[in-house]
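What follows is the residue order along each chain.
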Number of protein chains: 2
Amino acid sequence: MLHDIVRDFGHLTLGTRLRRVGEMLQANTQQIMQAHGVDLPAAHYPFLAALDRNGALSVGELADVIGITQPGATRTIGQLAEAGFVEIAASETDQRRKQVTLTESGEKLVAFAKENIWPGVEAAVRDMCTGLEGSFLDQLAAIEDGLKKHPLIERYNSKNEPPSDRKQT
Amino acid sequence: MLHDIVRDFGHLTLGTRLRRVGEMLQANTQQIMQAHGVDLPAAHYPFLAALDRNGALSVGELADVIGITQPGATRTIGQLAEAGFVEIAASETDQRRKQVTLTESGEKLVAFAKENIWPGVEAAVRDMCTGLEGSFLDQLAAIEDGLKKHPLIERYNSKNEPPSDRKQT
DNA sequence: ACACATTACATAACAGGTTATATATCGCGT
DNA sequence: ACGCGATATATAACCTGTTATGTAATGTGT
């Protein structure tokens, strides 16, 4: 069998590797959400969480809080608005700013996720991270292996009731 | 000041966070290469390294070795071929397979990087990872902070001669 | 008060990954 | 030898981030 060259290269290819694991985790998280009937790209959740925590925020503030660049925030906010989860309004005091707020639908979504899904996801990821030892590279390798062996949704399901679809109110 | 919500959320947003750090590292690495006159997207280097190590490989083998999906490999290989660093030839025994090999230009590039750049990059990343302690999340936070404070190229330059442009042979 | 830099957001093009699916060749069973 | 599943690659569409740059509104110095 061929080697995993990215892993072999150690620190040299750490960037590629972190990115790869991150993408895998995002996909896993999205899968869990979907199993609950919530169908939204994984990267949208930090926006909803930030608005839930902080109330109305401008585009730039959201980018800051979430740690991405402003154009990325602009796009995601646009998609969330199109999906009806947030509202975008021009600030009254400064016509350049856009105030972003959760709609009622968005608030309901966050409430549901906060109550029923996110704690389980957090627990599943924490489960995967417990017992890790050694250097950062060692721990990362353990996570890669652990995630391949037991995907997040498996860890999630083993700790939770089988999900009940939120759409069937 | 507003919080970094992705970090606050702990394990819940680990995916987004890993991805973010990975992208930063890739960008840093690319920057160092560029300072040496080598202008190639960061994700292309694992391909060159794999071909250098293993000799000719098929598209699927490259995807395996590097740990990405086959369509991703197909695209990157196409770009490398266009840049003249690899050659794509149909296998003689199996018309479905494409054998990918380094061109002379590709071999020179790898030789130069292996000799003059990659060791320094590896050392810079290792430098950033030394002395890390605590949980995976703690170490990740330390890396985020360390990278923001001292980008890779700074660590690299402090340990190496100022780069000499390889093009001016 | 007006010129001009600064700020906030939008837009465009790209990087680097993904899934889903099409296409062509191979190889195997009957 | 022929049909058909399996395999190798390609293509298309998408996600999520990035730079670089444009545009409109704001504020500031003279």
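Residues numbered from 1 in each chain as written. Chains lettered and ligands numbered in written order. Predicted model: local features only at pLDDT ≥ 70, side-chain atom pairs only at ≥ 80, totals over all residues. Heavy atoms only, no water.

1. Focus: the overall build of chain A
Working step 1: Check the secondary structure of chain A and you find nine helices and three strands.
Working step 2: When its helices and strands are written in sequence order, chain A yields α-α-α-β-α-α-β-β-α-α-α-α.
Working step 3: When the 169 residues of chain A are sorted by exposure, 48% land in the buried category.
Working step 4: The long-range share in chain A, meaning contacts at least 24 apart out of those at least 6 apart in sequence, stands at 59%.
Working step 5: Roughly 8,600 Å² of accessible area belongs to chain A as shown, and the carbon and sulfur atoms make up 48% of that amount. (Helix = DSSP H or I, 4+ residues; strand = E, 2+ residues; numbered from the N terminus. Buried < 20%, exposed > 50% of the residue type's maximum accessible area, 1.4 Å probe, protein only. Contact = heavy atoms within 4.5 Å. Areas by Shrake-Rupley, 256 points an atom, 1.4 Å probe, with all protein chains shown as cover.)

2. Points about the relation of the copies chain B and chain A
Working step 1: Structural alignment of chain B on chain A gives an RMSD of 0.1 Å, achieved by rotating through 180° and translating 0.0 Å along the axis. In the structure described here, the two chain copies are related by an operation that fits a two-fold rotation axis. Closest approach to the rotation axis within chain B is made by the C-alpha atom of R19(B), at a distance of 2.1 Å.
Working step 2: Residue by residue, 100% of the interface of chain B is reproduced at the interface of chain A, so both copies engage with the same surface. (Least-squares fit on C-alpha atoms with pLDDT ≥ 70 in both.)

3. Considerations on the sheet that holds strand β3 (residues 98-102) of chain B
Within a sheet, neighbouring strands are paired by backbone hydrogen bonds and run either parallel or antiparallel to one another.
Residues and elements named next belong to chain B.
Working step 1: Taken together, three strands build an open sheet; the order of strands is β1-β3-β2 and the sheet is antiparallel. Edge positions in the sheet fall to β1 (57-58) and β2 (86-90), since each of these pairs with one other strand and no more.
Working step 2: Bridge count for β1 against β3 is two bridges, and the pairing is antiparallel. In the sheet register, S58 faces β3, and the bridge partner there is Q99.
Working step 3: Contacts between helix α3 (residues 45-54) and the sheet are confined to β1, β2 and β3, with β3 contributing the most and set at about 90° to the helix. (Pairing = 2+ DSSP bridges. Axes fitted to C-alpha atoms, helices over the stretch in contact; angles between N-to-C directions.)

4. Considering the nonpolar core
Working step 1: Ranked by internal contacts, the top residues of the largest apolar core, which has 99 residues, are L48(A), L48(B) and I117(B).
Working step 2: I117(B) has contacts with I32(B), M33(B), H36(B), V38(B), F112(B) and Y156(B), leaving out every residue within four places of it along the chain. (Core = buried A, V, L, I, M, F, W, Y, C linked by side-chain atoms within 4.5 Å.)

5. So, the domain arrangement of chain A
Residues and elements named next belong to chain A.
Working step 1: What the domain assignment lists for chain A is domain 1 (1-38 + 117-161) and domain 2 (41-103).
Working step 2: At the junction of the two partners, domain 1 supplies five residues and domain 2 supplies four residues.
Working step 3: Buried surface at the junction of domain 1 and domain 2, both sides included, amounts to about 440 Å², of which 74% is carbon and sulfur.
Working step 4: By the criterion of area lost to domain 2, the three top residues of domain 1 are Q26, Q30 and W118, representing 70% of everything that side buries.
Working step 5: The interface formed by domain 1 and domain 2 contains zero salt bridges.
Working step 6: If you tally residues by element for the side of domain 1 that touches domain 2, the top one is helix α2 (residues 14-35), at three residues.
Working step 7: Looking at the side of domain 1 that touches domain 2, its residues break down into three nonpolar, two polar and no charged. (Domains from an automatic or database assignment. Buried area = accessible area lost by both parts, 1.4 Å probe. Salt bridge = Lys/Arg side-chain N within 4 Å of Asp/Glu carboxyl O. Nonpolar A, V, L, I, M, F, W, Y, C, P; charged D, E, K, R; others polar.)

6. Description of α2(A)
Working step 1: The end-to-end C-alpha distance of α2(A), which contains 22 residues, comes to 32 Å, matching closely the 32 Å that a straight helix rising 1.5 Å per residue would cover.
Working step 2: Backbone geometry just downstream of α2(A) places G37(A) in the positive-phi region, at approximately 85°. (Expected span 1.5 Å × (residues − 1).)

7. Considerations on the protein's contact with DNA strand D
Working step 1: Close to DNA strand D lie 24 residues, the nearest being P41(A), T69(A), R75(A), Q70(B) and K98(B).
Working step 2: At 3.0 Å from a phosphate oxygen of DNA strand D is found a main-chain nitrogen or oxygen belonging to Q95(A).
Working step 3: Those elements that provide at least two residues to the surface near DNA strand D are α5 (70-82) of chain A together with α2 (14-35), α4 (59-66) and α5 (70-82) of chain B.
Working step 4: Across the surface near DNA strand D, the residue classes tally to seven nonpolar, nine polar and eight charged. (Near = heavy atom within 4 Å. Polar contact = N/O pair within 3.5 Å; in protein donor to acceptor, adjacent residues only side chain to side chain.)

8. Digging into the environment of A42(B)
Residues and elements named next belong to chain B.
Working step 1: With respect to the secondary-structure elements, A42 resides in the loop between α2 and α3.
Working step 2: When the C-alpha positions of A42 and Q26 are compared, they lie 5.8 Å apart, and in sequence the two are 16 residues distant.
Working step 3: Excluding anything up to four places from it in sequence, A42 contacts Q26 and Q30.

9. A closer look at the protein's contact with DNA strand C
Working step 1: Around DNA strand C, 25 residues are found, and the nearest of them are Q70(A), R96(A), P41(B), T69(B) and R75(B).
Working step 2: Counting only the atoms of DNA strand C within 4 Å of the protein, the fraction contributed by sugar and phosphate is 63%.
Working step 3: At 2.9 Å, a backbone N or O of G60(A) approaches a phosphate oxygen of DNA strand C.
Working step 4: A42(B) has a polar backbone atom sitting 3.1 Å from a phosphate oxygen of DNA strand C.
Working step 5: Within the residue set of the surface near DNA strand C, elements represented by two or more residues are α2, α4 (59-66) and α5 of chain A together with α2 and α5 of chain B.
Working step 6: Considering only residue class, the surface near DNA strand C consists of seven nonpolar, nine polar and nine charged.

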